[in-house]
Structures are given as C-alpha cells and as structure tokens.
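Working through the structure, step by step
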2 protein chains.
Amino acid sequence: MADYDLYYWPVPFRGQFIRAILTFAGKTWREQDADAIGQIMGVAPGKQPIPFMGPPVLIDHAHGFAVAQMPAIALYLGETLDLLPATPQARALTAKVVNDANDVLDDMTRDGGSQMWDDDSWRAFLPRLQRWMTIWDATGARHGLTLTDGFLLGAHQPGVADIVTATLWATMGDRFPDLAAMLRQTAPGIAALTRRMQAWPTLARLSRESRETYGDSWCGGQIEASLRRVLKQDEKHHSGAQ
Amino acid sequence: MADYDLYYWPVPFRGQFIRAILTFAGKTWREQDADAIGQIMGVAPGKQPIPFMGPPVLIDHAHGFAVAQMPAIALYLGETLDLLPATPQARALTAKVVNDANDVLDDMTRDGGSQMWDDDSWRAFLPRLQRWMTIWDATGARHGLTLTDGFLLGAHQPGVADIVTATLWATMGDRFPDLAAMLRQTAPGIAALTRRMQAWPTLARLSRESRETYGDSWCGGQIEASLRRVLKQDEKHHSGAQ
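Below you will find a few notes about this structure. (Residues numbered from 1 in each chain as written. Chains lettered and ligands numbered in written order. Predicted model: local features only at pLDDT ≥ 70, side-chain atom pairs only at ≥ 80, totals over all residues. Heavy atoms only, no water.)

**Describing the nonpolar core**
Counting 160 residues, the largest nonpolar core has Trp169 of chain A together with Trp169 of chain B as its most contacted members. Filtering out sequence-adjacent residues up to four positions away, Trp169 of chain A remains in contact with Val104, Leu129, Trp132, Met133, Trp136, Leu183, Ile190 and Thr194 of chain A. (Core = buried A, V, L, I, M, F, W, Y, C linked by side-chain atoms within 4.5 Å. Buried < 20%, exposed > 50% of the residue type's maximum accessible area, 1.4 Å probe, protein only. Contact = heavy atoms within 4.5 Å.)

**Quick word on the interface of chain A and chain B**
Listed as interface residues are 45 residues of chain A and, on the opposing side, 45 residues of chain B. Linking chain A to chain B there are two salt bridges. If you look at where chain A meets chain B, you find 24 residue pairs in polar contact (both at pLDDT 80 or more). Secondary structure elements with two or more residues in the side of chain A that touches chain B: β4 (65-68), α3 (70-80), α4 (88-108) and α6 (119-142) of chain A. Of all the elements, α4 of chain A adds the most residues to the side of chain A that touches chain B, at ten residues. In terms of residue class, the side of chain A that touches chain B is built from 24 nonpolar, eleven polar and ten charged. (Salt bridge = Lys/Arg side-chain N within 4 Å of Asp/Glu carboxyl O. Polar contact = N/O pair within 3.5 Å; in protein donor to acceptor, adjacent residues only side chain to side chain. Helix = DSSP H or I, 4+ residues; strand = E, 2+ residues; numbered from the N terminus. Nonpolar A, V, L, I, M, F, W, Y, C, P; charged D, E, K, R; others polar.)

**Digging into the relation of the copies chain A and chain B**
Mapping chain A onto chain B leaves a residual RMSD of 0.0 Å; the transformation is a rotation of 180° accompanied by 0.0 Å of translation along its axis. Such a combination of turn and shift is consistent with a two-fold rotation axis. Ranked by how close their C-alpha atoms come to the rotation axis, the residues of chain A are headed by Asp111 of chain A, at 3.5 Å. (Least-squares fit on C-alpha atoms with pLDDT ≥ 70 in both.)

**Some words on helix α4 (residues 88-108) of chain B**
Along an α-helix, residues three or four positions apart point the same way, because every turn accommodates 3.6 residues. All names here are of chain B. The end-to-end C-alpha distance of α4, which contains 21 residues, comes to 30 Å, matching closely the 30 Å that a straight helix rising 1.5 Å per residue would cover. Burial analysis of α4 places 18 of its 21 residues in the buried class, which makes it a mostly covered element. Taken from the residues just after α4, Arg110 is the one with a positive phi, measuring 50°. (Expected span 1.5 Å × (residues − 1).)

**Describing the sheet that holds β4 of chain A**
Residues and elements named next belong to chain A. The mixed open sheet is built from four strands, whose spatial order is β2-β1-β3-β4. Where the open sheet ends on each side, the last strands, each with one partner, are β2 (29-32) and β4. Adjacent strand axes in the sheet meet at a mean angle of 20° when their direction is disregarded. Pairing between strand β1 (residues 4-7) and β2: four bridges, direction parallel. (Pairing = 2+ DSSP bridges. Axes fitted to C-alpha atoms, helices over the stretch in contact; angles between N-to-C directions.)

**Structural notes on the pairing of strand β1 (residues 4-7) of chain B**
Two faces, one strand: in a regular strand the side chains alternate between the faces of the sheet. All names here are of chain B. Along β1, one buried face is formed by Tyr4 and Leu6 and the opposite face, lined by Asp5 and Tyr7, is buried too. Handedness of the crossover is the feature at issue here: the chain leaves β1, passes through helix α1 (residues 15-24), returns alongside strand β2 (residues 29-32), and the resulting connection is right-handed. Examined bridge by bridge, β1 and strand β3 (residues 57-60) share four bridges and lie antiparallel to one another. Bridged to Asp5 within β3 is Ile59. (Right-handed = clockwise from strand over helix to strand, strands pointing away.)

Next comes the structure, spelled out in structure tokens:
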C-alpha cells in the first residue's frame, strides 16, 4: 500500500507541489482519478474524508489523517517529513512562499478560468507576472542565493520553499518556453535555483513521469487553451499532444 | 512603541484576521495607513520590508521580522503567541481553515473585484457560499463542537482556527445581516461558536472599535457596492455611513 492517497486532477498545476514534496522525501502515493474526485466532491461535507471545497486532498495513511488546501498540505508534509526550517520566522517565510505560489497559479488562470485570456488582458498582466518573478528573486538575494549556490531562504539544504519554488517555475517554464526565458532574464537567481533543484534525481524523475502522464498539459481546460493562444503556442501544443 | 506594525487597508476584510489574533493575544500594533502601503508597494521588491505583492504585511519588532500573506502571518502569530494546537495534524487543519477563510473572501469579492456582482451571478454563487458554511459546520461537528460548547478543532481553548472562524463569519454577518441569518440556519454550530468567541472581551472590543473606525465597510470599493446592491442594502448602507 502507498504511504498516501492524493486526490488531484490529472494535470500538474496545484497538485504538482504536493507530488514534488512527496517525491523529494521518497514517499509513495496513489493518485486518485477524476472519477474518485467527483465522488468525494459530490457528497455532503460531513461524509467527505475532510470537509473541503476543491482538490488537492491528501490522505496520510500512517496517521489516518486527511487534509485539503495546497498550502496546508505542503506545510503538513514539510513538518512531518522534516523539510521545514528551524525557526518560526523561516517557517513563516516558507508559508509565505507557498501562498505566493498558490496566488501565481490563480493569477495565471484568472482565478480558475473565470475569464479567458486575450492579447490585451495578457499584455496588461505581464508586468504583474514579472513582479512575481522579481519578488522571488529579491527573496533569494536577501538570503544569499547566488547563481551557483544556496537555497531560497538561506538554509544549507533544500526545504519546502525550494521544492515549491522550483516546481512552480519549472513546470510553467517547461510548458511555456517564453515564460522560462522571462524568468531567466527577470530572476536569474531563481532560474538557476530551479535548474539545480530540478537536477535532483527525484525531481528529475517526477518531471519525466509527469511529462509522460500529462503530456503538455499545465492547468488544463479552456483557460489553458486561451493561455496558449496569447503565447502563440497553438501549433506546438497540437504537434506535441499525444 | 507598539509590538507590531500592520500594513493593511482601512477596512476589516483580510486584515481583520490579523487584528483579531493580535487583539486576542493582548498585543499592540500600529496601523499603517493607505499612504504608507502605497509607499512600500511602489518600490522594487528588493527595497520592501519583505518582498510582497499585496497587504497584509506584518512587522514583528521584537524579532526584526517582516512577513506577508494573511495565512502565513496568522500561522506565524499562532506559533509565536501560543495559539496553535499541539499535534502536526491539528496544526495542518488550522492552516486549512485559515486558507479556506482566505478563499471565502476571494469568492465573496469575485477575486478582488475582477467582476461585479449582479442578481444572476449572486444567485448562482449562493449555493457555494452555503457549501462553505456546511464545510465549517461539518468540521466543527467532527471535533465535538456543540451549540453550547467546544472549539472548532476539538481543543480545550481557543486557537487561531477559532479566532479566524469567528472573525470571518462575525465580520461578514455584522455587515450583511442576511448572511448572518443564512449562517444560523446552515451552520448553527458555527454561528454559536462565532457568538461565543465574539463575546470574549478582547474580540468584543475589537469589533466595537472596528465599527467606529471603518463604519459599515467590509471589503470596500466597487465590489462592496455591488454586493450591497444584490443584498438590497443600498439604503441601509447610505444611512449607516458616517
């Protein structure tokens, strides 16, 4: 039996942070599919494993414990798998980074696809995306991150903040090369940290396997299609789809 | 000198969770005004007290430490002011509840006012708001919360999860009586917990003072005006404004 069950849609997006932390810590999990998610979302909250609005949901079999909300799951795994820093301040910065990453995903999808991207709205959004990149870069710089060495919050080993950072920018950059180029230019220290983290054998393997399983998908749905349109990737998308 | 500086707009909304935790713990803070917020938002992330996208930002003078993101601030205060539960699982549920509360605010404002409410969109949203209430109710029920006794996660004393829960529903219900009535009907245990928490002298005082300082305001702006329109509170709003 796997250590955990993860309920998340068959795309990287918000679930990928959880997959990356589990993978990095050498843990196994069973992916619950869209049918299983539909099933637990269709019942009353009192009958759910944890009363929740939307995935991801993680079930920790060793502790008979279920929890929802990506940032809460990431911090829970960080605490129980020894991937959080030692001081309350550095732990708070980890929580801040994880919630920032969650917000970037909301921004990139216009809050779950409540509106679609067009050229005008995308152009108006780009300075904000660059601002996010600069926020990450300034965070690393403040903690001694360089182009060749260091971690986001100044620790001597990678933690949840580094795994989440690398997963955010690597997954997005891998699907949207223009955004990878923007990161290299806007936040070179974070682009370098992302590369170093993704070279870790565990994260490299997850990246390969996710590519095999999910193809080019990032967030999925119509909002991803509109994102590809404004990034002029329609053709690449279709030729790359399996 | 106050223990903390809080940068947040002059409305309750997302900042009220932080004010409530500080108040409950007997801490003092200085409210930084909209001008001060504009100033730290207008500089490059490398020059900000903490590189951040939007308020709230908290500065903890005792530790020379700044942090952004409401859930991260709430958990940081919870940890350093002894308002978090003892087990990693209960701490994770606290983080889950705080992120849920953050999501409810996003839902209620259509993600920061990216679209305005009209009768149709509000009617379509109501089942989701009731679902949030039911999620809270089921969470309390699972941990032994009753109409007269107990706390959200089964602790013997209030913690961040209870303060955040009470602040969310009391602040909203105080400004929008229809929603308070809906909470009493949909989630009676949570309505009762909210009343018990708000009767705490510290929280009762904050509630009075916020009412004096911010009047009827909840989130502010055009989105609040559209919320009042769909809730048919235009008249009450104007007669209540100072």
